[in-house]
Amino acid sequence: LEAIGGRPLADLDVPVRAALRLGAYELAFLDGVPARASVNEAVELVRAAGAARATGLVNAVLRKASEQIRPLVEALPEGSANEAALKHSYPDWIAETWWREWGTEEALALMKAQNEPPETAVRVVGAADARVVERIDPEELEQGRIWPQSRGSQLAGQAVGVREGERVLDLCAAPGGKTMQLAETAAEAVAVELHEGRARELEENVKRLGFDNVTVVNADARELPRELTGFHRVLVDAPCSGLGVLASRPDLRWRAQPLPELQRELLGVAAERVKPEGTITYSVCTIAGAENEDVVDASGLLVEPLGGEWPQYAHPRRPEFLLTLPHKHGTSGFFVARLRTKAPTSRRRP
């Protein structure tokens, strides 16, 4: 951008830099978006941010970039993690993590897949299968017949294994897709959400889809009321770096950070609130061992293998876990583990 615009980005205001970078990313990587639409959107972002004086600069730079940026990007090398990070628009730490954990070929495939438009998938309320669609029908959504949710996310909900008559706790629930997935079978679902606005959104979603067996609790999962205990199943769909959903949120990669300490804390809460022979399902929408298998290994909880039930999604290195990979499965990246605080006791036949 500096080469095209002839001015150092560091000299520009933050909103202007951000708009230029977003516009350049769309122009370089998003097929199907007309160049004029990307340029116009960036100009309007700058105007809305109160930097109207810079709209001419943004318009001129991005119009020029629309003609030059793709050949420039395609000509960049990608033989090392840092080179690939520049070419495919990733922070160095993400490229280095994938390079180290997956090797050159897999890392490059991941990076390219996460620059492609994401799948559009919905869960049909009351049905077990996911539906991949070209567009979400607003009428079906408003009527509560479908819910936008990737196949990777739906897999995490299915792996909880909830049965009829059970009480389920969802510790990080908003916007509610997995909560309602569990509530279709459970007798009672308690959905915990830290942020007040997201908790209100969760309540509205629950009402729109007609679930009367869901209780929303606006609280920090680490400071729950004492009476919220004795659950058959607990889902910890923990906050994470989000490296599995970068196709739908390319902006996230520049703000993402691993959160293993928080994830371990949440697993500790789940272990306190689940029945002695209940299960805890840990899921995160990321592709990084530090937030996936390392967190489970550090928890001290017993692993209930899942790879035999969903062999197509078995983790390549740890088949007791599930891992959806965008470049292999065409959906968002999700790590899923099902855990116990103690081994189940065998039941003798009378």
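Residues numbered from 1 in each chain as written. Predicted model: local features only at pLDDT ≥ 70, side-chain atom pairs only at ≥ 80, totals over all residues. Heavy atoms only, no water.

Visitor: An account of the side chain of His88 is requested, with residue identities and associated values reported.
Guide: With respect to the helices and strands, the residue His88 is situated in helix α5 (residues 81-88). Here the side chain of His88 touches Glu78 through a polar contact of 2.8 Å, side chain to side chain. Look past the residues within four positions of His88 in its chain and what remains in contact with it is Phe29, Glu78, Leu108, Met111, Lys112, Asn115 and Arg253. (Helix = DSSP H or I, 4+ residues; strand = E, 2+ residues; numbered from the N terminus. Polar contact = N/O pair within 3.5 Å; in protein donor to acceptor, adjacent residues only side chain to side chain. Contact = heavy atoms within 4.5 Å.)

Visitor: An account of the pairing of strand β5 (residues 188-193) is needed here, citing residue identities and associated values.
Guide: Counting buried residues along β5, 5 of its 6 residues qualify, which places the element largely inside the surrounding structure. Note that the unit made of strand β4 (residues 167-170), helix α9 (residues 177-183) and β5 has a crossover that is right-handed. The pairing of β5 with strand β6 (residues 214-218) spans 5 bridges and is parallel. The residue bridging Glu193 from the neighbouring strand is Asn218, located in β6. Viewed along the sheet, the connection from β5 through helix α10 (residues 196-208) into β6 turns out right-handed. (Buried < 20%, exposed > 50% of the residue type's maximum accessible area, 1.4 Å probe, protein only. Right-handed = clockwise from strand over helix to strand, strands pointing away. Pairing = 2+ DSSP bridges.)

Visitor: Account for the packing of helix α2 (residues 14-29) against helix α3 (residues 35-48), naming residues and giving values.
Guide: Contact geometry of α2 with α3 gives a least axis separation of 9 Å together with a crossing angle of 165 degrees. Put simply, α2 runs roughly antiparallel to α3. Like other packed secondary-structure pairs, α2 and α3 cross with a definite hand, here right-handed. Two secondary-structure elements touch here, α2 through Pro15, Val16, Ala19, Leu22, Glu26 and Leu27 and α3 through Ala35, Ser38, Ala42, Leu45 and Val46. (Axes fitted to C-alpha atoms, helices over the stretch in contact; angles between N-to-C directions. Parallel < 35°, antiparallel > 145°, perpendicular 65-115°, else oblique. Left-handed = near helix turned anticlockwise from the far one by under 90°.)

Visitor: Lay out the sheet that holds strand β2 (residues 130-132) with the relevant residues and their values.
Guide: If you walk across this open sheet you meet the 3 strands as β2-β1-β3, and the pairing is antiparallel. Taken across any chain shown, the strands that pair with only one partner, and hence form the sheet edges, are β2 and β3 (146-148). The average angle at which neighbouring strand axes cross in this sheet is 35 degrees, direction not considered. The pairing of strand β1 (residues 121-124) with β3 spans 3 bridges and is antiparallel.

Visitor: Please give an account of the side chain of Thr286 that cites residues and values.
Guide: Locating Thr286 in the fold gives a position in the loop between β8 (274-284) and α12 (293-299). Since its relative accessible area comes to 0%, Thr286 is described here as buried. There is a polar contact of 2.8 Å between the side chain of Thr286 and the side chain of Ser241. In this structure the side chain of Thr286 is engaged in a polar contact, spanning 3.3 Å, whose partner is the backbone nitrogen of Leu243. Residue contacts for Thr286: discarding those within four places in its chain leaves Cys240, Ser241, Gly242, Leu243, Gly244, Glu291, Asn292, Leu323, Gly333 and Phe335.

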